[in-house]
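Chain and residue survey
Listed here are the chains, written in short residue letters.
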Amino acid sequence: MKMMHVTIMTKCLNESVDFYQKQAGLHIRMDGRCNQEHPIVFLVDAEGDTCIELVGNPASVYYGGGISIGFRTDDIRREHADKEAAGLRPGPMISPNPHTQFFFIKDPNGVEIQFVQEDE
């Protein structure tokens, strides 16, 4: 079994699409923003393995916690600096072991996004 996508209900669809394109390097696979009743955008990575579904809902508010979406990076320090330069206020660098480093930012909906570098 393979996970198909993660769905995020968003009150700010265009801002969320822009965030995942610029900050996670995803591109639009399917753009259904023209459907006024149920706007949906699917964003994927270059391989098509990572997929985020954004569903526009003006009444949507994220109240959850304890959930994060993680993205792998090859240069965690550059990624942290880029997020800081973009005004996203990344959290501190965390290193639970000598081979792993990560930090968090929040997407426009308040969902925690983690960037991780794992060295072998």
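Residue numbers restart at each chain and count upward from 1, following the sequence in its written direction. Since the coordinates come from a predicted model, pLDDT governs what is reported: local features require at least 70, and pairs of side-chain atoms require 80 or more to be given and counted, while whole-chain, interface and lining totals use all residues. With hydrogens and water set aside, each side-chain value is computed from the structure's full complement of heavy atoms.

1. Brief notes about the pattern of salt bridges
Any Lys or Arg side-chain nitrogen located within 4 Å of an Asp or Glu carboxyl oxygen qualifies as a salt bridge. Under the counting rule described, the total for this entry stands at 7 salt bridges. Across the salt bridge formed by E118 and R72, the nearest N and O atoms sit 3.4 Å from each other. Here R72 lies in strand β5 (residues 68–72) and E118 lies in strand β8 (residues 112–118), a separation of 46 residues in the sequence. Buried means the residue's accessible area, taken with a 1.4 Å probe over protein chains only, is under 20% of the maximum for its type, while exposed means over 50%, and partly exposed covers the values in between. Relative accessible area serves as the criterion here: at 43%, E118 is assigned to the partly exposed category. Where helices and strands are cited, they refer to DSSP runs of H or I of at least four residues and of E of at least two residues respectively, numbered from the N terminus.

2. Points about helix α1 (residues 13–24)
Multiply 1.5 Å by the residue count of a helix minus one, and that product is the helix's expected span. Under the 1.5 Å per step criterion, the end-to-end length of α1 is 16 Å for 12 residues, consistent within 8% with the ideal 16 Å. Buried residues of α1: L13, S16, V17, F19, Y20 and Q23, and no others. One side of α1 carries all its buried residues, which in axial view fall inside an arc of 165°. Residues of α1 that are exposed and angled more than 90 degrees away from the buried face: N14, E15 and K22. Just downstream of α1, G25 is the residue with a positive phi angle, here 70°. Our arc is simply the arc of the directions from the helix axis toward the C-beta atoms.

3. Looking at the pairing of strand β4 (residues 51–56)
Of all 6 residues making up β4, 6 are buried, and the element is well covered by its neighbours. Because side chains alternate across β4, one face comprises the buried residues C51, E53 and V55, and the other comprises I52, L54 and G56, equally buried. For strand β1 (residues 6–10) and β4, the ladder comprises 5 bridges, and the chain directions are parallel. By the bridge assignment, T10 is partnered in β4 with G56. Two strands form a pair only when DSSP identifies at least two bridges running between them.

4. Comments concerning the pairing of β5
The side-chain alternation of β5 yields one buried face, formed by I69 and F71, and one unburied face, formed by S68, G70 and R72. In terms of strand pairing, β5 meets β8 through 5 bridges, oriented parallel. Looking at β8, one finds that S68 is bridged to E112.

5. Let's talk about the side chain of Q114
Its location among the elements puts Q114 in strand β8. According to the relative accessible area criterion, Q114 is buried, its value standing at 16%. Beyond its immediate chain neighbours, meaning those up to four positions away, Q114 contacts S68, I69, G70, F71, F102, F103 and F104. Whether two residues are in contact is decided by their heavy atoms, any of which lying within 4.5 Å being enough.

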